[in-house]
Structure formats: structure tokens, C-alpha cells
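Letter by letter, the chains look like this.
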Amino acid sequence: MTFLDQLRTAERQNGSLLCVGLDPEPSRFPAHLHGDASKIYDFCAAIVDATADLVMAFKPQIAYFAAHRAEAQLERLMAHMRRAAPNVPIILDAKRGDIGSTAEQYAKEAFERYGADAVTLSPFMGFDSIQPYLKYHGKGAYLLCRTSNPGGDDFQNQRLASVEGQPTLFEHIAALAQGPWNLNGQLGLVVGATYPAEIERVRALAPTVPLLIPGVGAQGGDALATVKAGWRGDAQGTTAPVSVNSSRAVLYASSGADFVQAARAEAIKTRDILQAAKV
Ligand SMILES: O=c1ccn([C@@H]2O[C@H](COP(=O)(O)O)[C@@H](O)[C@H]2O)c(=O)[nH]1
């Protein structure tokens, strides 16, 4: 099954557009785990178990593991997600981008070491920095397009005088992902929930690629506007999937012993808002 099929299946089976982001920060763990980086796996596995039936994807952010020398715990967590949620695809948020030979190693890390179904990439270094990931047929690669942070404006909203029609950089990335770069239909785009108008523009330029949309919850993005801007229904079930990510709002919904129940409640609340926006 390709990554695209996995997304569609999980969306249908769990009735959800929600992606729960796994950004473990030990200083925010509840009292019995607080400050203990050796408990990253335990914390994340508890969140996975509490939300597996509510999500269309999980998105571990690699920096939160690497910063604590917890790569082995990430490997264990990937195996746990496979067991606990076999039909939920896993997007490794790594935002890699480097020359081809180095990109080959990053692709190996994402798809062979961690066994991710998709990875996030920076397109800044051009197509040859993306190509090594596309050799893994059936795997997905999300290109950063219009990111959720205010600084995204610095480059992504600049116009490219050299390209006909003078699109902005993010519009150009969207068009590349929809067209010439998307050799085997593996590409997706990252667009921030904090910019619904840009999501709509990206969807117009890239009508069939999956979108990964972070920025609801802790960053204050509008969940309703996000779905209205990016989700396109299709009676044949061939929609271009939209996965709306929430990390901290779910993970740290409570800092008490009830963190698992609170995470589940927050995930249900967000899932329901996203679902309601589809009509
Ligand atoms: O434009 C982007 C791209 C990636 N992210 C990542 O998503 C999560 C968001 O976490 P929240 O706690 O829900 O704010 C995080 O891992 C970021 O690295 C993003 O926020 N914006």
C-alpha cells in the first residue's frame, strides 16, 4: 500500500483528519515522569495508545528525540506504533535538505532505520536534494511550502521575478510539487494552519497532493478555516488527503496524572472540529 493509500485508509477507518504530533519535552512531562529523558518512550507510547483510534497519522518530530540522545527510544516507538496502530501512517518530521549523496543517507535513516511512511523535507536546495527520497517507491515526502511560523514570510512570500507570472516562492513550490517534481505521485506539501488564505492558494495550485497542516492548538491556527481551505471532498474517495497536526495541545493537555485522559479528550475535541468543517 502506498503512503497515499495509507492516509486515505486511516482517514476513512478512524473518521479523522487529525495528525497527532509527538514532540516529547521531558520538562513538560507529568510529575511521575518529569524531567526524565529515559521516559520519552513511555510518555509517547501512552499518547499513541490513547489516540490510535482518533487519528489519520502520527508525526514524531526527530529533534525532540535527538536532543535527548533518545534515537533508540524513537526506534522503539516506531515499532510500538506499528503494533498499536498498524493502519495509521507515520510521518517523520525531519525537515531534511542536503546535496544528493547526503540526502541518500537521510532517506535511508527515515525509511530504513526508522521505517517511516513519509518524511518532511526542505526544498531549498532543489530537486536533486529531493530525488533520493523518491527512489523509495510508495513512501511519501512533504515539502515545506508555506510554513506556520511568522518568519515564513521572509522567503516564502517573495516573488520570483525569473518565473513567468511572478509567483511567490511558496506558489512556485506548490506548482513544482503538483507537476514536474512529482515523478511517482509521492510528494505532499506542508502549509501552516496559521495562514488559511495561503492554504486555499496552495490547494488551487496543487489540487491532488496531500497537505500536512501544522499550527492548530498551541500556535492558534483556525481548525475550521484550515479544513475549509484545504479539504476537497470526493464521492469516489479519491480526495487529496489533508492531515491537520496538533502536538503540544494534545501532549500537554494536562500536566497531572490524568495526562492520558486529557490528551484523548483534546484529540477528540480537535478531531470533531475538523470533521464538522468538512460539510
Ligand atoms: O510549518 C511548520 C512545519 C512544521 N511544524 C511542526 O509541527 C509541530 C507543531 O507543534 P504544535 O505544538 O502543534 O505547535 C512541531 O513539531 C513543528 O516542528 C510547524 O509547527 N510548522
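Residues numbered from 1 in each chain as written. Predicted model: local features only at pLDDT ≥ 70, side-chain atom pairs only at ≥ 80, totals over all residues.

- Per an unreviewed UniProt entry, the chain goes by the name Orotidine 5'-phosphate decarboxylase and belongs to Rhodoferax aquaticus.
- Under the heading Pathway (unreviewed entry), UniProt records this for the chain: "Pyrimidine metabolism; UMP biosynthesis via de novo pathway; UMP from orotate: step 2/2."
- Per UniProt, the chain has the following entry under Catalytic activity (unreviewed entry): "orotidine 5'-phosphate + H(+) = UMP + CO2". (UniProt positions renumbered as here; feature names shortened; annotations may be inferred.)

## Some remarks on the overall build of the chain
Phase 1 of the analysis: A count of helices and strands for the chain gives twelve helices and eight strands.
Phase 2 of the analysis: Relative to the 2.2 N^0.38 estimate, which gives 19 Å for 279 residues, the radius of gyration of the chain is 18 Å and therefore close to what a compact globule would have.
Phase 3 of the analysis: Based on the C-alpha atoms only, the size of the chain along its principal axes is roughly 60 × 45 × 35 Å.
Phase 4 of the analysis: Within the chain, the proportion of its 279 residues that are buried is 49%.
Phase 5 of the analysis: Long-range pairs, those at least 24 residues apart, make up 71% of the contacts in the chain with a sequence separation of at least 6. (Helix = DSSP H or I, 4+ residues; strand = E, 2+ residues; numbered from the N terminus. Rg over C-alpha atoms; globule rule 2.2 N^0.38 Å. Buried ≥ 20, exposed ≤ 12 C-beta atoms within 10 Å, placed from the backbone. Contact = placed C-beta atoms within 7 Å.)

## What about the UniProt feature "active site" (unreviewed entry) in the chain?
Phase 1 of the analysis: The positions that UniProt labels "active site" (unreviewed entry) are, in the present scheme, K95.
Phase 2 of the analysis: Contacts of K95, omitting those with residues within four sequence positions, involve T120, L121, S122 and L144.

## Examining the packing of helix 2 (residues 40-51) against helix 12 (residues 259-276)
The relative placement of two packed helices comes down to the angle between their axes together with the axis-to-axis distance.
Phase 1 of the analysis: Taken N-terminus to C-terminus, the directions of helix 2 and helix 12 make an angle of 45°; their axes are 9 Å apart at the nearest point. On the basis of their axis angle, the class for helix 2 and helix 12 is oblique. Between helix 2 and helix 12 lies a crossing of right-handed hand. Contact with helix 2, carried on its side by A46, I47, A50 and T51, involves V260, A263, R264 and A267 of helix 12 and no other residues of that element.
Phase 2 of the analysis: Among the residues making up the contact of helix 2 with helix 12, the classes are represented as six nonpolar, one polar and one charged. (Axes fitted to C-alpha atoms, helices over the stretch in contact; angles between N-to-C directions. Parallel < 35°, antiparallel > 145°, perpendicular 65-115°, else oblique. Left-handed = near helix turned anticlockwise from the far one by under 90°. Nonpolar A, V, L, I, M, F, W, Y, C, P; charged D, E, K, R; others polar.)

## Notes on the environment of N149
Phase 1 of the analysis: In this fold, N149 is placed in the loop between strand 5 (140-146) and helix 7 (153-156).
Phase 2 of the analysis: Since 13 C-beta atoms lie within 10 Å of it, N149 is described here as partly exposed.
Phase 3 of the analysis: Residues N149 and Q261, spaced 112 residues apart in sequence, show a C-alpha to C-alpha distance of 29 Å.

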